[in-house]
Amino acid sequence: AAQLDVSFATLYSSLLSALARADPPPDGRSLAEPPSPLPFVGLPLPQPHPAASLAAEQRTAASAKEVYRLGAAHAARAKGFLVLDGFVTDHCAILNLETSLLAGLLPFEDHPGRKMAIHKRRADLLAVPLAQLNEDAYVPL
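These numbers come from a predicted model, not from an experiment.

*Asks:* An account of the overall build of the protein is requested, with residue identities and associated values reported.
*Replies:* Scanning the protein from terminus to terminus reveals four helices and zero strands. Its helices and strands taken in sequence order, the protein reads α-α-α-α from the N to the C terminus. Going through the 141 residues of the protein one by one, you find that 33% of them count as buried. Within the protein, contacts between residues at least 6 apart in sequence are counted, and of these 67% link residues at least 24 apart. Accessible surface, the protein as shown: approximately 9000 Å² in total, 61% of it carbon and sulfur.

Structure (structure tokens):
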């Protein structure tokens, strides 16, 4: 279940970076629309979240914050299971994912104080495990 939450958080992080890009998709479709018809015609799939649209009118700070909230919720749930004491590599990967979610909000912030607060929050997220881990054993992290 935790790996599924990590996958969803990664999806939302990718969506945030796509929302931040200035250029729309070449064919004008949203992420909610598959590029080609799926063979699962009768499968009752839920409707995608409205924030998944990459249309220009949907690229707002409010939609970016909603995508961030969805991704952060999945990351927090995964962190609840993949705790630092026992799942160090996975926990640090989730922390990096959380920082990338926060970084996805930066293009939508105009206020310099808010941008600095987001950068500080990113640094604070990574400071906790760095203080607890042996830097010789976990050099790649």
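*Asks:* A description of the pattern of salt bridges should follow, citing residues and the corresponding values.
*Replies:* Throughout the structure, instances matching the rule amount to five salt bridges. Between glutamate 98 and lysine 79 there is a salt bridge whose closest N-O contact spans 3.0 Å. Taken as a pair, glutamate 98 in helix H3 (residues 88–105) and lysine 79 in helix H2 (residues 61–81) lie far apart in primary sequence, 19 residues in all. Of the residues examined, lysine 79 reaches a relative accessible area of 21% and is grouped as partly exposed.

*Asks:* Residue-level account of the packing of H3 against helix H4 (residues 112–132), with values.
*Replies:* The N-to-C vectors of H3 and H4 enclose an angle of 175 degrees; their axes lie 9 Å apart at closest approach. In terms of orientation, H3 and H4 fall into the roughly antiparallel class. In this structure, H3 contributes Cys92, Leu95, Asn96, Glu98, Thr99, Leu102, Ala103 and Leu105 to the contact, and H4 contributes Ile118, Arg121, Arg122, Leu125, Leu126 and Pro129. Looking at the contact of H3 with H4 residue by residue, the class counts come to nine nonpolar, two polar and three charged.

*Asks:* Now, about H2: what can you tell me, with residues and values included?
*Replies:* Taking 1.5 Å as the rise per residue, H2 with 21 residues should run 30 Å; its terminal C-alpha atoms sit 30 Å apart, in good agreement. Each element contacted by the buried residues of H2 is listed here: helix H1 (2–20), H3 and H4.

*Asks:* How would you summarise the environment of glutamine 3 if you had to cite specific residues and measurements?
*Replies:* Mapping glutamine 3 onto the fold places it in helix H1. Linking glutamine 3 and histidine 74, residues 71 residues apart in sequence, is a C-alpha distance of 9.8 Å. Look past the residues within four positions of glutamine 3 in its chain and what remains in contact with it is Leu82 and Asp90.

*Asks:* Explain H1 residue by residue, including any values.
*Replies:* For H1, built from 19 residues, the straight-helix expectation of 27 Å at 1.5 Å per residue is met to within 8% by its first-to-last C-alpha distance of 27 Å. Of the residues making up H1, those classed as buried are Ala2, Asp5, Val6, Ala9, Tyr12, Ser13, Leu15, Leu16, Ala18 and Leu19. On its buried side, H1 packs onto H2 and H3.

*Asks:* Outline a nonpolar patch on the surface, supporting the account with residue identities and numerical values.
*Replies:* A cluster of nonpolar side chains, Leu4, Phe8 and Leu11, forms an exposed patch at the surface whose accessible area comes to about 280 Å². Mapped onto the elements, leucine 4 comes out in helix H1. For leucine 4, a relative accessible area of 52% gives the class exposed.

Cut-offs applied
- Residues numbered from 1 in each chain as written.
- Predicted model: local features only at pLDDT ≥ 70, side-chain atom pairs only at ≥ 80, totals over all residues.
- Heavy atoms only, no water.
- Helix = DSSP H or I, 4+ residues; strand = E, 2+ residues; numbered from the N terminus.
- Buried < 20%, exposed > 50% of the residue type's maximum accessible area, 1.4 Å probe, protein only.
- Contact = heavy atoms within 4.5 Å.
- Areas by Shrake-Rupley, 256 points an atom, 1.4 Å probe, with all protein chains shown as cover.
- Salt bridge = Lys/Arg side-chain N within 4 Å of Asp/Glu carboxyl O.
- Axes fitted to C-alpha atoms, helices over the stretch in contact; angles between N-to-C directions.
- Parallel < 35°, antiparallel > 145°, perpendicular 65-115°, else oblique.
- Nonpolar A, V, L, I, M, F, W, Y, C, P; charged D, E, K, R; others polar.
- Expected span 1.5 Å × (residues − 1).
- Patch = residues over 30% accessible without salt bridge, like charges linked within 9 Å, V, L, I, M, F, W, Y side chains within 5 Å.

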